[in-house]
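What the coordinates show
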Amino acid sequence: MDPDTPQPSRSGRDPRLPGPSGELSGFRNKPPDFPLRMLVPSQFIGAIIGKEGLTIKNLTKQTQAKVDIHRKENAGAAEKPITIHSTPEGCSAACRMILQIMQKEANDTKVTVEIPLKILAHNSLVGRLIGKEGRNLKRIEEESGTKINISSLQDVSVYIADRTITVKGSVDACCRAEEEIMKKLREAYDNDTSAVNHHTGLIHGMNLNTLGIFSSGLSMLPSNSSPYRTPNTPHTAYSPIMAAEQEVVYLFIPTQAVGALIGKKGQHIKQLAQYAGASIKIAPAENPDVTERMVIITGPPEAQFKAQGRIFGKLKEENFFSAKEEVRLETHIKVPSSAAGRVIGKGGKTVNELQNMSSAEVIVPRDQTPDENDEVFVKISGHFFASQTAQRKIREIIQRVRRHEQKQHLGPSEPHNSQ
């Protein structure tokens, strides 16, 4: 964990509690906390706010939480989102009060339908909440005395990335489940935040937090972004020269993950290609027994980052890797044969430095025969940020070699042109 990164306190003390204006102090200069996002039936919104706003004022005062009720979201919808910013304890206290208010209102109006707790969570975090073979979720159900359902993965796209976690039981039981659910979601979020913060400075020219981040759900925060909307992604991370250049990357994924990547009737891979601005193709299997399949991604650097990131994230979400296990994949990129020696460096110095700096394994296989374009493969293996860092550094080496070759090519012609 990056020691400089503020984390949501678990001790009950939070330096970013709401100030007099309701804004989180220091919020503009620090990464946002991890809010609790709920869906509540629209008919209870009036009771939660109270006459002249007294109920919501009392709630925020008692719990020291900042509570945003998104009344204007999805006009006419049967449910409205509520975002709660506070410490984990503050979020839980506010959640309990909201459930109690809804239960009282239901009793007063003789509503007989059970009112479940509904929590919104970014899809990328849900796989780690569920756990391998559903073990985490089963444990939470058993310990809290609730029944928990999670909305279908088919309802998720790269544009609407939220899943709804529905918890049924008494108010006390739902509150016990909320604490454990949010604990798991925060752990996943903290791990992803740590990875982003650690690698932000390593990938030159790239603002990781603005790229509609692939797996962590970071782009869904802070609170002023609707839980139903993915914010517009700025396209300013690369210089115009880099942005114009098409790159081809060969990414290898487990064979059993191909169906999840393609999606029902090919919808997921189509959405992903559109979202990333890249061409994404899955190469045919060379034989029925292959354990890996090659995904060919073509696009400029930003598109590569977004497409590869979402694929790494998808494998995590679908539990092809365990909750504590890093998603590590192999990628191949082609480099001009004239640049291969530069990637290796004298006595392997450059490739060793590259591996130490990126944490990726980088191999330039010896005795390769260059292809028809006089290019050879470089193999990169590692987690997403390691792979991206290595890819970018290798591309920089290729650019330097090309510029050097262009200068040499132009050099002898200059005296001729001057005559």
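Whatever comes next refers back to the structure up there.
Cut-offs and rules
- In this numbering scheme, every chain counts its residues from 1 along its sequence in written order.
- For a predicted model such as this one, the threshold for reporting local features is a pLDDT of at least 70, and the threshold for listing and counting side-chain atom pairs is 80 or more; totals across whole chains, interfaces and linings nevertheless cover every residue.
- The side-chain numbers reported here are obtained from all heavy atoms of the structure, hydrogens and water having been left aside.
- If DSSP finds at least two bridges between two strands, the strands pair.
- Starting at the N terminus, helices and strands are each numbered in turn, a helix being any DSSP run of H or I of at least four residues and a strand any DSSP run of E of at least two.
- To obtain each axis, a line is fitted to C-alpha atoms, and for helices this fit is confined to the stretch in contact; angles are then taken between N-to-C directions over 0 to 180 degrees.
- Working rule for contacts: check all heavy atoms of both residues, and any pair within 4.5 Å makes them a contact.
- Definition of nonpolar core: a set of buried residues of the types Ala, Val, Leu, Ile, Met, Phe, Trp, Tyr and Cys, connected through side-chain atoms within 4.5 Å.
- Throughout, exposure labels follow a simple rule: accessible area from a 1.4 Å probe, protein chains only, divided by the maximum for the residue type, with under 20% read as buried, over 50% as exposed, and the rest as partly exposed.
- Patches here: salt-bridge-free residues with over 30% relative accessible area, like charges joined within 9 Å, nonpolar side chains (Val, Leu, Ile, Met, Phe, Trp, Tyr) joined within 5 Å.
- All accessibility values rest on the Shrake-Rupley procedure with a 1.4 Å probe; residue burial counts only the protein chains present in the view.
- Whenever a carboxyl oxygen of Asp or Glu lies within 4 Å of a side-chain nitrogen of Lys or Arg, that contact is scored as a salt bridge.
- For the purpose of charge, His is not counted, nor are the chain termini; Lys and Arg are scored as positive and Asp and Glu as negative.
- Every charge is mapped to an atom, namely NZ of Lys, CZ of Arg, CG of Asp or CD of Glu.
- Any pair of Phe, Tyr and Trp rings, taking the six-membered ring for Trp, is counted once the centres come within 6.5 Å. Such a pair is stacked with planes under 30 degrees apart, edge-to-face with planes over 60 apart, and tilted for the rest.
- Orientation is classified from the angle alone, with under 35 degrees giving roughly parallel, over 145 giving roughly antiparallel, 65 to 115 giving roughly perpendicular, and any other angle giving oblique.
- Crossings are classed by handedness, with left-handed meaning an anticlockwise turn of the near helix from the far one by less than a right angle and right-handed meaning a clockwise turn.
- All amino acids are sorted into three groups, where Ala, Val, Leu, Ile, Met, Phe, Trp, Tyr, Cys and Pro are nonpolar, Asp, Glu, Lys and Arg are charged, and the leftover types, Gly among them, are polar.
- In protein, a polar contact requires one atom able to donate a hydrogen and another able to accept it; more generally it is a pair of N or O atoms within 3.5 Å, and residues adjacent in sequence count only if both atoms are side-chain atoms.
- We call a pair of cysteine sulfur atoms a disulfide whenever their separation is within 2.5 Å.

1. Focus on the sheet that holds strand S3 (residues 79-85)
In space, the six strands of this open sheet follow the order S2-S3-S1-S4-S6-S5, with antiparallel pairing throughout. In this open sheet, the two edge strands, each paired with only one partner strand, are strand S2 (66-69) and strand S5 (147-150). The sheet shows a mean angle of 25° between the axes of neighbouring strands, direction not considered. One ladder, built from two bridges, connects strand S1 (residues 36-41) with strand S4 (residues 117-122); its direction is antiparallel. Counted as the bridge partner of Met 38 is Ile 119 from S4. Sheet contacts for helix H3 (residues 88-108): S1, S3 and S4; angle to S1, the most-contacted strand, approximately 5°. The strands that helix H4 (residues 123-130) touches are S4, S5 and strand S6 (162-168); relative to S4, the one it contacts most, it runs at about 115°.

2. What to know about the nonpolar core
Counting residues in hydrophobic clusters, the biggest one holds 46 residues, and the most contacted among them are Ile 48, Ile 82, Ile 84, Ile 98, Ile 165, Ile 181 and Leu 185. Not counting chain neighbours up to four residues away, the residues in contact with Ile 165 comprise Leu 117, Lys 118, Ile 119, Ala 121, Leu 129, Ile 148, Asn 149, Ile 150, Ile 181 and Leu 185.

3. Looking at a positive patch on the surface
Taken together, the side chains of Arg 342, Arg 400, Arg 403 and Lys 407 make up a positively charged region of the molecular surface. Sorting elements by how many residues they give to the positive patch places helix H13 (residues 384-410) first, with three residues. With respect to the helices and strands, the residue Lys 407 is situated in helix H13. Judged by relative accessible area, which is 65%, Lys 407 ranks as exposed.

4. A closer look at the packing of aromatic side chains
Under the definition given, this model contains five aromatic pairs. Seen from their ring centres, Phe 34 and Tyr 189 are 4.8 Å apart, and the 50° between their planes marks the pair as tilted. Taken together, the residues span a long stretch of sequence, with Phe 34 in the segment before S1 and Tyr 189 in helix H6 (residues 171-199) at a distance of 155 residues. Residue Phe 34 is classed as buried on the basis of its relative accessible area, which comes to 9%. With a centroid separation of 5.4 Å and an interplanar angle of 65°, the aromatic rings of Phe 312 and Phe 384 are classed as edge-to-face.

5. Quick notes on the packing of helix H11 (residues 337-344) against H13
A pair of packed helices is captured by two measures, namely the crossing angle of their axes and the spacing between those axes. Running from N to C, H11 and H13 point in directions that differ by 125°, and their axes come no closer than 9 Å. When the interaxial angle is binned, H11 and H13 end up oblique. Handedness of the H11/H13 crossing: right-handed. Counting all contacts with H11, which are made through Ser 338, Ala 339, Arg 342 and Val 343, the residues of H13 involved are Ile 394, Ile 397, Ile 398, Val 401, His 404 and Glu 405. When its residues are assigned to classes, the contact of H11 with H13 shows six nonpolar, two polar and two charged.

6. Side note on the sheet that holds strand S7 (residues 247-254)
With antiparallel pairing, the six strands of this open sheet are ordered in space as S8-S9-S7-S10-S12-S11. Each edge of the sheet is formed by a strand with only one pairing partner; in this case those strands are strand S8 (279-282) and strand S11 (361-363). Put simply, the sheet's adjacent strands are angled 20° from each other on average, direction ignored. Looking at chain direction, S7 and strand S9 (residues 292-299) are connected through eight bridges and run antiparallel. Residue pairing in the sheet places Phe 252 in a bridge with Met 294 of S9.

7. Thoughts on the pairing of strand S12 (residues 375-382)
Summarising burial for S12: six of the eight residues are buried, a large majority. The pairing of strand S10 (residues 329-336) with S12 spans eight bridges and is classified as antiparallel. Residue pairing in the sheet places Pro 336 in a bridge with Glu 375 of S12. As judged from the three bridges shared by S11 and S12, these two strands associate in the antiparallel manner. The residue bridging Val 362 from the neighbouring strand is Ile 380, located in S12.

8. Quick word on the side chain of Glu 247
Within the secondary structure, Glu 247 is located in strand S7. Taking relative accessible area as the criterion, Glu 247 reaches 3% and is therefore assigned buried. Polar contacts involving the side chain of Glu 247 include one to the side chain of Arg 395, which spans 3.5 Å. Among residues more than four places away in sequence, those in contact with Glu 247 are Ile 297, Thr 298, Gly 299, Pro 300, Pro 301, Gln 304, Arg 392 and Arg 395.

9. Some points on the state of the cysteines
Simply put, disulfide is the name for a covalent bond between the sulfur atoms of two cysteines. The tally for this structure, following the rule as stated, stands at zero disulfides. Left unpaired, Cys 91 is separated from the closest cysteine sulfur, that of Cys 95, by 9.0 Å. We classify Cys 91 as buried; its relative accessible area is 0%. Between Cys 174, a free cysteine, and Cys 175, which holds the nearest cysteine sulfur, the sulfur-to-sulfur gap is 7.0 Å.

10. Points about the packing of helix H9 (residues 267-276) against helix H10 (residues 301-317)
Contact pair H9 / H10: the axes reach a minimum separation of 8 Å and the direction vectors enclose 145°. In this structure, H9 meets H10 at a crossing whose hand is right-handed. Residue-level inspection shows His 268, Leu 272, Tyr 275 and Ala 276 of H9 in contact with H10, the latter providing Ala 303, Lys 306, Ala 307, Arg 310, Ile 311 and Lys 314.

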